[in-house]
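These are the residues of each chain, in order.
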Amino acid sequence: MPPQSDRALLRRDNVLFSLCVILSAAMLLRPELGERVTGAIRATVLRPFLQIQEWSEAGRTSRASFDRLRGERDSAAYAAQFLPSLRAENQRLRALLGLGARVRVPYVAAEVLHQSTPTDGRTLLLSAGARAGVQPFDPVVGAEGLVGVVRVVEAERAIAWTWTHPEFRASAYTVPGGVFGVVGPALQITGSELLLQLRGVAIRDSVPNGTLVVTSGLGGVYPQGIPIGTVIGPGQEETGWERVYVLRPAASPEEASQVLILRAPAERVPEGAFGPDSLP
Amino acid sequence: MIAIRADRSRLWTVLGLLVLLHFAVRPRLGYPAIAPDFLLLALMLYAIRSRPGAAAVAGFLVGLVGDAVTPARVGAGALAHTLVGYLAAWGRAVFFPDNLFVNGLVIALGVWVRNAVQLLASGPAPGGLRLGLLVYAPLQALTTALMAALVLVVFQRWLDIRLEA
């Protein structure tokens, strides 16, 4: 039997352990409590460390992605040669239809500050915040397609939910076909691949493999036309009133190092964009 | 057998260095899911030199830091690190590493347990548990254990550790 002092130490150890477990459980059960605490930690204790990580990420990406960026720049420069003629053609057609100029979406570039925890990728810490004009529900896109949406904005940083977050949803349609549905993560216990699901497709519609799925713009969060993924097959239907399709995602949040935060997500129709109604 | 008579100030210096490495060097070490976790390594080094209560509190704080930067499910990281810290402090009596390999194995086990608890507490996600537990967690455990071996060898005198063959 341990002596009295040892028993007191043992009791203290158990009390401290129990207290920590209870606090952790309280944060799991009441996320708003945990978010307040973690927000305060990010703004105080972690601030200088995150600044160091930001410099480190910037240094790494500037070295590692130089060749890739040069290739992408060359491709973009080649593609841009045809832009003036396309723009002129677009303006001509819009004028014929009586439409105003196309709405432009401004953006903010940000570094992704990846972490070593196993849930990194479900949320991303971004190096741009309110000072750069970022707002909650701004869409986050990568070079390949949709990455996620900003949920928490602080002065210098923002936190985005990616499409791997269990609560992520986006209204979408197929190209070609125009079949509408809602995209969310394909949640699974025993899977081994990060996939998406297109749900809510009407029974009468069928979508062939290889079809591109893009954001529809419905709901006012994501602009229309951002690639989300490609259909790779039918999913498991549970309710019997809809078709479900499994998608291979266009962008991988776990590999994203630089992203664009779109600052005006909703395609708001400016004054005068449409001509007066021609109907009597 | 390892004799642990760590000078606290030197221990804190090494722990501080690991925290700096976590934010300054880890981002340059490749794919984040398998890069060594210096914060967890610091926690394990502290836990095996401390009482279980103090190790649990340290684990809780390290977990909170993790939750602050990846708030997918706040509280999951705190819970996972609390358990790992507490078990590591208790486990030293059982594992009591008497060579570098066992030392690394204990730290690798800590990484895997942390990942398992955090993934389970965070709920289902695309990719499921198989990818996280059978692919990423073992690889991260391996890289962290290798880094632990390097740290123990380099700071053998500072940590006052005697590694016998």
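These numbers were taken from a predicted model, which means no experiment stands behind them. (Residues numbered from 1 in each chain as written. Chains lettered and ligands numbered in written order. Predicted model: local features only at pLDDT ≥ 70, side-chain atom pairs only at ≥ 80, totals over all residues. Heavy atoms only, no water.)

Peer 1: Could you clarify how one ought to interpret the overall build of chain B in this entry?
Peer 2: Within chain B one finds 6 helices and 0 strands. In chain B, the succession of helices and strands from N to C terminus is α-α-α-α-α-α. Split into buried and exposed, the 165 residues of chain B put 57% on the buried side. Taken as a whole, chain B presents about 6,500 Å² of accessible surface, with 72% of it coming from carbon and sulfur. (Helix = DSSP H or I, 4+ residues; strand = E, 2+ residues; numbered from the N terminus. Buried < 20%, exposed > 50% of the residue type's maximum accessible area, 1.4 Å probe, protein only. Areas by Shrake-Rupley, 256 points an atom, 1.4 Å probe, with all protein chains shown as cover.)

Peer 1: Hey, could you run me through the interface of chain A and chain B in this one?
Peer 2: In many reports, interface size means the accessible area that the parts give up when they come together. Contact with chain A, which involves 58 residues of that partner, is made by 54 residues of chain B. Surface buried jointly by chain A and chain B totals about 4,900 Å² across both partners, of which 67% is contributed by carbon and sulfur atoms. Taking the shortest distance from any N to any O, the salt bridge between Arg 51 of chain B and Asp 13 of chain A comes out at 2.6 Å. The interface formed by chain A and chain B contains 15 residue pairs in polar contact (both at pLDDT 80 or more). Elements supplying a minimum of two residues to the side of chain A that touches chain B: helix 1 (4–29), helix 2 (31–43), helix 3 (47–64) and strand 2 (123–126) of chain A. (Contact = heavy atoms within 4.5 Å. Buried area = accessible area lost by both parts, 1.4 Å probe. Salt bridge = Lys/Arg side-chain N within 4 Å of Asp/Glu carboxyl O. Polar contact = N/O pair within 3.5 Å; in protein donor to acceptor, adjacent residues only side chain to side chain.)

Peer 1: Would you mind going over the packing of aromatic side chains with me for this structure?
Peer 2: With the rule as written, the count across this model stands at 7 aromatic pairs over all chains. On the basis of an interplanar angle of 25° and a centroid distance of 5.3 Å, the ring pair of Tyr 173 of chain A and Phe 180 of chain A is categorised as stacked. Judged by relative accessible area, Tyr 173 of chain A falls into the buried class, the value being 16%. Classification of Phe 180 of chain A as partly exposed rests on a relative accessible area of 44%. When the centroid spacing of 6.4 Å and the interplanar angle of 75° are considered together, the rings of Tyr 86 of chain B and Trp 90 of chain B count as edge-to-face. Of this pair, Tyr 86 of chain B and Trp 90 of chain B both sit in helix 4 (residues 76–95), 4 residues apart, roughly one helical turn. Cluster of aromatic residues (ring-pair linked, three or more members): Phe 17 of chain A together with Tyr 86 and Trp 90 of chain B. (Phe/Tyr/Trp six-rings, centres within 6.5 Å; stacked < 30°, edge-to-face > 60°.)

Peer 1: I keep staring at the sheet that holds strand 6 (residues 170–175) of chain A and nothing clicks. Help me out?
Peer 2: Adjacent strands of a sheet form backbone hydrogen bonds with each other and so pair up, either parallel or antiparallel. All names here are of chain A. In spatial order, the strands read 6-7-8-11-10-9; together these 6 strands close into a barrel with antiparallel pairing. Mean inter-strand twist for the sheet, computed between neighbouring axes without regard to direction, equals 45°. Bridging between strand 7 (residues 180–185) and strand 8 (residues 196–201) involves 4 bridges; their strand directions are antiparallel. Directly across from Val 183, in strand 8, lies its bridge partner Leu 198. (Pairing = 2+ DSSP bridges. Axes fitted to C-alpha atoms, helices over the stretch in contact; angles between N-to-C directions.)

Peer 1: Explain the sheet that holds strand 5 (residues 158–162) of chain A here, please?
Peer 2: As summarised here, the arrangement of the 6 strands in space is 1-2-5-4-3-12 (chain A), forming a closed barrel in which the pairing is antiparallel. In this sheet, neighbouring strand axes are inclined to one another by 40° on average, regardless of whether the strands run parallel or antiparallel.

Peer 1: What's the story with the pattern of salt bridges in this structure? I'm lost.
Peer 2: Any two side chains of opposite charge can pair if their charged atoms end up close together. Residues and elements named next belong to chain A. Under the counting rule described, the total for this entry stands at 9 salt bridges over all chains. Where Arg 131 meets Glu 156, a salt bridge forms, and the shortest distance between an N and an O atom there is 2.9 Å. Remark: Glu 156 occurs in the loop between strand 4 (146–153) and strand 5 and Arg 131 occurs in the loop between strand 2 and strand 3 (139–141); sequence separation between them is 25 residues. Arg 131 gets classed as exposed once you look at its relative accessible area, which sits at 64%. Put simply, Arg 47, Glu 54, Arg 131, Glu 156 and Arg 157 are held in one network by salt bridges that share partners.

Peer 1: Explain the side chain of Asp 37 of chain B here, please?
Peer 2: Within the secondary structure layout, Asp 37 of chain B lies in the loop between helix 1 (8–24) and helix 2 (38–47). Note on Asp 37 of chain B: relative accessible area 2%, which makes it buried. Among the polar contacts made by the side chain of Asp 37 of chain B, one reaches the side chain of Ser 116 of chain A at a distance of 3.0 Å. A polar side-chain atom of Asp 37 of chain B sits 3.1 Å from the main-chain amide nitrogen of Leu 39 of chain B. The contacts of Asp 37 of chain B, once residues within four sequence positions are left out, are Ser 116 of chain A together with His 22, Arg 114, Gln 140 and Thr 144 of chain B.

Peer 1: How do you make sense of a nonpolar patch on the surface when you look at a structure like this?
Peer 2: Nonpolar side chains collect at one region of the surface, where Tyr 78, Phe 82, Leu 83 and Leu 86 of chain A lie side by side and expose about 420 Å² of accessible area between them. Note that Tyr 78 of chain A resides in helix 4 (residues 66–80). (Patch = residues over 30% accessible without salt bridge, like charges linked within 9 Å, V, L, I, M, F, W, Y side chains within 5 Å.)

Peer 1: Mind showing me how you'd approach the nonpolar core here?
Peer 2: The tendency in soluble globular proteins is for nonpolar side chains to be buried as a group. Of all hydrophobic cores here, the largest spans 48 residues; its most connected members are Leu 46 of chain A together with Leu 18, Leu 41, Met 44, Leu 45 and Val 151 of chain B. For this core, the secondary structure elements donating two or more residues are helix 1 of chain A together with helix 1, helix 2, helix 3 (52–69), helix 4, helix 5 (100–122) and helix 6 (128–154) of chain B. Ranked by the residues each element gives to this core, the list is headed by helix 2 of chain B, at 10 residues. When neighbours within four sequence positions are excluded, Met 44 of chain B is seen to be in contact with Val 84, Ala 88, Val 106, Ile 107 and Gly 110 of chain B. Phe 168, Ala 172, Val 201 and Tyr 222 of chain A belong to the second-largest nonpolar core, a separate cluster that totals 24 residues. (Core = buried A, V, L, I, M, F, W, Y, C linked by side-chain atoms within 4.5 Å.)

Peer 1: Which parts of the structure should I look at to understand the confidence of the model for chain A?
Peer 2: Close inspection of predicted coordinates is inappropriate in any region flagged by low pLDDT. Residue and element names in this part refer to chain A. When the pLDDT values of chain A are averaged, the result is 82; 87% of them are 70 or greater. The secondary-structure element of chain A with the lowest mean pLDDT is helix 4, recorded at 76, while strand 5 shows the highest, at 92. Note that pLDDT drops below 50 for residues 267–280; the model gives that stretch 15 contacts with residues more than four away or on any other chain. (pLDDT = per-residue confidence, 0-100.)

Peer 1: I tried to follow the environment of Met 27 of chain A on my own but got confused; where do I start?
Peer 2: Mapped onto the elements, Met 27 of chain A comes out in helix 1. Residues Met 27 of chain A and Ile 232 of chain A, 205 residues apart in the sequence, show an inter-C-alpha distance of 38 Å.

Peer 1: Which parts of the structure should I look at to understand the confidence of the model for chain B?
Peer 2: Across chain B, pLDDT averages 85, with 87% of residues at or above 70. Across the interface, the model reports ipTM at 0.87; the global pTM reads 0.81.

Peer 1: I'm lost on the packing of helix 1 of chain B against helix 2 of chain B in this one. Help?
Peer 2: Relative placement of two packed helices is described by the angle separating their axes and the distance separating the axes. All names here are of chain B. Following both chains from N to C, one finds helix 1 and helix 2 inclined at 165°, their axes separated by 8 Å at the closest point. One finds that helix 1 runs roughly antiparallel with respect to helix 2. For the element pair helix 1 and helix 2, the recorded crossing hand is left-handed. Counted together, Arg 8, Leu 11, Trp 12, Leu 15, Leu 18, Val 19, Leu 21 and His 22 of helix 1 and Phe 38, Leu 39, Leu 41, Ala 42, Leu 45 and Tyr 46 of helix 2 form the full contact between these two elements. Residue composition of the contact of helix 1 with helix 2, by class: 12 nonpolar, 1 polar and 1 charged. (Parallel < 35°, antiparallel > 145°, perpendicular 65-115°, else oblique. Left-handed = near helix turned anticlockwise from the far one by under 90°. Nonpolar A, V, L, I, M, F, W, Y, C, P; charged D, E, K, R; others polar.)

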